[in-house]
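Geometric and topological summary
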Amino acid sequence: MNFPSDYVWQLPFAPSYVASNGLLYCDDAASVLLEFPSNSVSMILTDPPYGVNYRSNAKRTSSSDEIHSPQEGNCIKNDTPIRASMYYSLLIHESQRILRPGGCLCCFAKGGGSDLSFSHYVQLMRRIMEFKQIAVWDRQRLGLGRHYRQCYEFVLVAKKRGAPCKWRGGYGTGNVFRFKRPSGSVFQHPTPKPIELMAHLIEIHSDPGDIILDPFCGHGSTLLAAQATGRRYVGIDIESQHISACEARLERKHDA
Ligand SMILES: C[S@@+](CC[C@H](N)C(=O)[O-])C[C@H]1O[C@@H](n2cnc3c(N)ncnc32)[C@H](O)[C@@H]1O
C-alpha cells in the first residue's frame, strides 16, 4: 500500500497531514466534497453535526440558528438545525458522485426524541442514492433527556446507484450494533464514536486497501478504525484542534 503516491487525483487544497496510508484536511467539508473527484472512494463513513446545538453540559441551548465555537463550551461547530440539514443534503448528493461503484455511505443520525430529521434524510437518500438500511447503534449508556433518555443512534446506509454494494458481513450480521459509547472526557471531543463500531462498519462494506472518507472526522474514530483494519483514509474537519487530535491519535496507532 502506498499512499498518496498512487492517489491519482489531486485536490485544490493542501492536506494538513500526509501519512503513508491517509490524508487529513482542515477545511470546510462542503468545499472539499464539491472538489472531490468522482468515483474515488470505496466508502463514506461519517458522523456529521446533528442539528441539536449540542453541548455536553448545557446540551440544547436554543432552537435558533445561533453558531457556537468550541471555545464557548463543549459543543460541535455548525450544529444548528439549518446548517446540519444543509450539510447532510450536500453529503448525500456528493456521495452518489464520489463513491466508486459498489461503495456505500454510512451516516450517523440522531435517533429518539421528537426530532424526525432522520426521516427527511432517508427520503433524500431514496431520491439521490439507493437507500439500504437504518441500522441502530445501541450506545449502552444513558444519553440526553429526562423521559426516555436517549440510548441509541441511527446509522443510515445508502449505496451508490448502479451496482450492488460491497458486503463482507456474511449472513450473520444484524442491524443493531452494541458498543459502549466512549466517555467524552477521555477523548476531549464531545461526541466520540467507538473505534470498534467504526471498524465493524468498515469491515462489512470495504476491502483492505480501500479508501474510506470521513468528511466530519472529529477526533478520527473512523480514521483509526480504517488504519487498524488495513484500509486507507481521508479525514476532513473544520476545527484545527480536532485535526491535531486526529494526527496525534493516528501517530500513536492506538487509542490512548
Ligand atoms: C459529531 S462530530 C464527529 C465526531 C467523530 N465521529 C469522532 O468520533 O470523534 C462532528 C464533527 O464535524 C465537524 N464539523 C462541523 N462542521 C464542519 C464542516 N463544515 N466541515 C468539516 N467538519 C465540520 C465538527 O468540528 C465535529 O468534529
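Residues numbered from 1 in each chain as written. Predicted model: local features only at pLDDT ≥ 70, side-chain atom pairs only at ≥ 80, totals over all residues.

The helix and strand tally for the protein stands at seven helices and nine strands. Of all 256 residues assigned to the protein, the portion counted as buried reaches 42%. Taking the contacts inside the protein whose residues are at least 6 apart along the sequence as the reference set, 68% of them involve residues at least 24 apart. (Helix = DSSP H or I, 4+ residues; strand = E, 2+ residues; numbered from the N terminus. Buried ≥ 20, exposed ≤ 12 C-beta atoms within 10 Å, placed from the backbone. Contact = placed C-beta atoms within 7 Å.)

On to the pairing of strand E3 (residues 41-46). In terms of burial, E3 is a largely internal element, six of the six residues being buried. Relative to strand E4 (residues 99-110), E3 runs parallel, the two being bridged by five bridges. Paired with methionine 43 across the strands is cysteine 104, a residue of E4. Sheet topology note: the E3/strand E8 (residues 211-214) ladder contains two bridges and is parallel. Residue pairing across strands places isoleucine 44 opposite leucine 213, the latter belonging to E8. (Pairing = 2+ DSSP bridges.)

Now for helix H7 (residues 240-252). The end-to-end C-alpha distance of H7 is 18 Å, a good match for the 18 Å that 13 residues give at a rise of 1.5 Å each. Of the positions making up H7, those classed as buried are His242, Ile243, Ala245, Cys246, Arg249 and Leu250. Projection of H7 onto a plane perpendicular to its axis shows the buried side chains occupying an angular sector of 160°, all on one side. The exposed residues of H7 that point more than 90 degrees off its buried face are Ser240, Ala248, Glu251 and Arg252. (Expected span 1.5 Å × (residues − 1). Arc of directions from axis to C-beta.)

Strand E6 (residues 152-159) sits mainly inside the fold: six of its eight residues count as buried. As defined by bridge partners, E4 adjoins E6 across seven bridges and the pair is classed as antiparallel. Within E6, the residue paired with lysine 110 across the bridge is glutamate 153. Pairing of strand E5 (residues 130-138) with E6 involves eight bridges; the strand directions are antiparallel.

On to the sheet that holds strand E1 (residues 17-19). Taken in spatial order, the nine strands of this open sheet run E1-E2-E9-E8-E3-E4-E6-E5-E7, and their pairing is mixed. If you trace the sheet from one side to the other, it starts and ends with E1 and strand E7 (176-178), each paired once. Taking each pair of neighbouring strands and ignoring which way they run, the sheet shows an average axis angle of 15°. Where helix H3 (residues 117-128) meets the sheet, it contacts E4, E5 and E6, and its direction lies at approximately 10° from that of E6. (Axes fitted to C-alpha atoms, helices over the stretch in contact; angles between N-to-C directions.)

So, about the site of the ligand. Ala29, Asp47, Phe216, Gly218 and Ser221 are the nearest of the 22 residues found near the ligand. Within the residue set of the shell around the ligand, elements represented by two or more residues are helix H1 (29-35) and strand E9 (232-237). Across the shell around the ligand, the residue classes break down as nine nonpolar, seven polar and six charged. (Near = placed C-beta within 6 Å. Nonpolar A, V, L, I, M, F, W, Y, C, P; charged D, E, K, R; others polar.)

Summing up the model confidence of the protein, the mean pLDDT is 87 and the portion of residues at 70 or higher is 84%. Across residues 58-73 the pLDDT falls below 50, and counting only partners more than four positions away or on other chains, this stretch makes 22 contacts in the model. (pLDDT = per-residue confidence, 0-100.)

To continue, consider the environment of glutamate 251. The residue glutamate 251 is located in helix H7 in this model. Since 9 C-beta atoms lie within 10 Å of it, glutamate 251 is described here as exposed.

For the rest of this paragraph, the subject is unusual backbone geometry. With phi around 65°, asparagine 78 is a residue other than glycine that occupies positive phi space. In this structure, asparagine 78 sits in the loop between E3 and helix H2 (81-98). The backbone phi angle of glutamine 140 is positive, close to 55°, even though this residue is not glycine. Note on placement: glutamine 140 falls in the loop between E5 and E6. With 12 C-beta atoms counted inside 10 Å, the residue glutamine 140 sits in the exposed group.

Ranked by size, the top nonpolar core spans 63 residues in total, and within it Val41, Leu156, Ile202 and Ile212 carry the most contacts. Apart from residues lying up to four places away in sequence, isoleucine 202 is in contact with Met43, Leu45, Ile212, Ala225, Ala226, Thr229 and Arg231. (Core = buried A, V, L, I, M, F, W, Y, C linked by C-beta atoms within 7 Å.)

This part is about the environment of valine 41. Tracing the sequence through the fold places valine 41 in strand E3. With 191 residues separating them along the chain, valine 41 and arginine 232 place their C-alpha atoms 9.6 Å apart. If we skip the residues at most four places from it in the chain, valine 41 touches Ile98, Leu99, Arg100, Gly103, Ile211, Ile212, Leu213 and Val234.

This part covers H2. Spanning 18 residues, H2 covers 25 Å between terminal C-alpha atoms, matching the ideal 26 Å at 1.5 Å per step. Among the residues of H2, Ala84, Tyr87, Tyr88, Leu91, Ile92, Glu94, Ser95, Gln96 and Ile98 are the ones counted as buried. Those residues of H2 that are buried are in contact with H1, E3, E4 and H3.

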